Amino acid sequence: WDNADFSRGVGTTFYQEFSTLNTAKPPFIRDVEAKVRRYVRSSYSAAWTLKITWEKAPVYAAWTDTRKTITYQAVLTTDGFRSYILMLYQDGGMQWDYTRLTSTNVLIGYT
């Protein structure tokens, strides 16, 4: 989430919380559970999930160029014992010109 700049009024950030302990699970949560099960190869049933979306986020400093934006999400989920994060990026990957950033070791995701 490094270097997004919303100061020029371009892009937005929003979130949605899902408390699914003892409640019916919407399709989004069933999809999250399926992804976690597939990636970690174990059973998983979400008790709580938070979806954060950065939509059309311009790179810092936005005054240089607000045309190249990126939309991405972080989905944090837990069953109360184990917690996971899914990092989801729009099709086409990073739209920012990362060659103009001050850091040269840019990654999509985390290590």
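For the chain, the name recorded in an unreviewed UniProt entry is MUC4 protein, with Gymnorhina tibicen as its organism.

J.: Looking at this model, I keep getting lost on the sheet that holds strand 2 (residues 48–58). Mind explaining?
T.: Two strands in a sheet stick together by hydrogen bonds in their backbones, pointing the same way (parallel) or opposite ways (antiparallel). Overall, antiparallel pairing links the 4 strands, which are arranged 1-2-3-4 in an open sheet. Each having just a single partner strand, strand 1 (12–19) and strand 4 (83–89) make up the two edges of the open sheet. Taken over all neighbouring pairs, the strand axes of this sheet differ in orientation by 10° on average, direction set aside. Examined bridge by bridge, strand 2 and strand 3 (residues 69–78) share 9 bridges and lie antiparallel to one another. Paired with Leu50 across the two strands is Leu76, which belongs to strand 3. Along the sheet, helix 1 (residues 27–40) contacts strand 1, strand 2, strand 3 and strand 4; its crossing angle with strand 4, the most-contacted strand, is approximately 105°.

J.: In this structure, what is going on with the packing of aromatic side chains? I would like to understand it.
T.: Each aromatic ring pair is summarised here by two numbers: the centre-to-centre distance and the angle between the ring planes. Scanning the entire structure with this criterion turns up 4 aromatic pairs. Judged by centre distance (5.0 Å) and plane angle (10°), the ring pair of Trp54 and Tyr72 falls under stacked. Highlighted residues: Trp54 in strand 2 and Tyr72 in strand 3, separated in sequence by 18 residues. On the basis of relative accessible area, Tyr72 is assigned to the buried category, the value being 4%. Cation over ring: Lys51 sits above Phe28, and NZ or CZ is 4.4 Å from the ring centre.

J.: Hey, could you run me through helix 1 in this one?
T.: For helix 1, spanning 14 residues, the distance from its first C-alpha to its last is 20 Å, which sits close to the expected 20 Å at 1.5 Å a residue. Those residues of helix 1 not exposed but buried are Ile29, Val32, Glu33, Lys35 and Val36. Viewed end-on, helix 1 has its buried residues packed into an arc of 160°, placing them on one side of the element. Among the structural elements, strand 1, strand 2, strand 3 and strand 4 are those in contact with the buried residues of helix 1.

J.: Hey, could you run me through the side chain of Thr78 in this one?
T.: One can find Thr78 in strand 3. In terms of polar contacts, Thr78 uses its side chain to reach the backbone amide nitrogen of Gly80, at 3.0 Å. A polar side-chain atom of Thr78 sits 2.9 Å from the main-chain carbonyl oxygen of Arg82. Apart from the residues within four sequence positions on either side, Thr78 is in contact with Tyr44, Ala46, Ala47, Trp48 and Ser83.

J.: Help me understand the side chain of Asp79 in this model?
T.: Along the chain, Asp79 falls in the loop between strand 3 and strand 4. Under the relative-accessibility criterion, Asp79 is labelled buried at 16%. For Asp79, the side chain forms a polar contact with the main-chain nitrogen of Phe81, separated by 2.8 Å. Ignoring any residue separated from it by four or fewer positions in sequence, one finds Asp79 in contact with Tyr44, Ser45 and Ala47.

What counts, and at which threshold
- Residues numbered from 1 in each chain as written.
- Predicted model: local features only at pLDDT ≥ 70, side-chain atom pairs only at ≥ 80, totals over all residues.
- Heavy atoms only, no water.
- Pairing = 2+ DSSP bridges.
- Helix = DSSP H or I, 4+ residues; strand = E, 2+ residues; numbered from the N terminus.
- Axes fitted to C-alpha atoms, helices over the stretch in contact; angles between N-to-C directions.
- Contact = heavy atoms within 4.5 Å.
- Phe/Tyr/Trp six-rings, centres within 6.5 Å; stacked < 30°, edge-to-face > 60°.
- Buried < 20%, exposed > 50% of the residue type's maximum accessible area, 1.4 Å probe, protein only.
- Lys NZ or Arg CZ within 6 Å of the ring centre and 35° of its normal.
- Expected span 1.5 Å × (residues − 1).
- Arc of directions from axis to C-beta.
- Polar contact = N/O pair within 3.5 Å; in protein donor to acceptor, adjacent residues only side chain to side chain.

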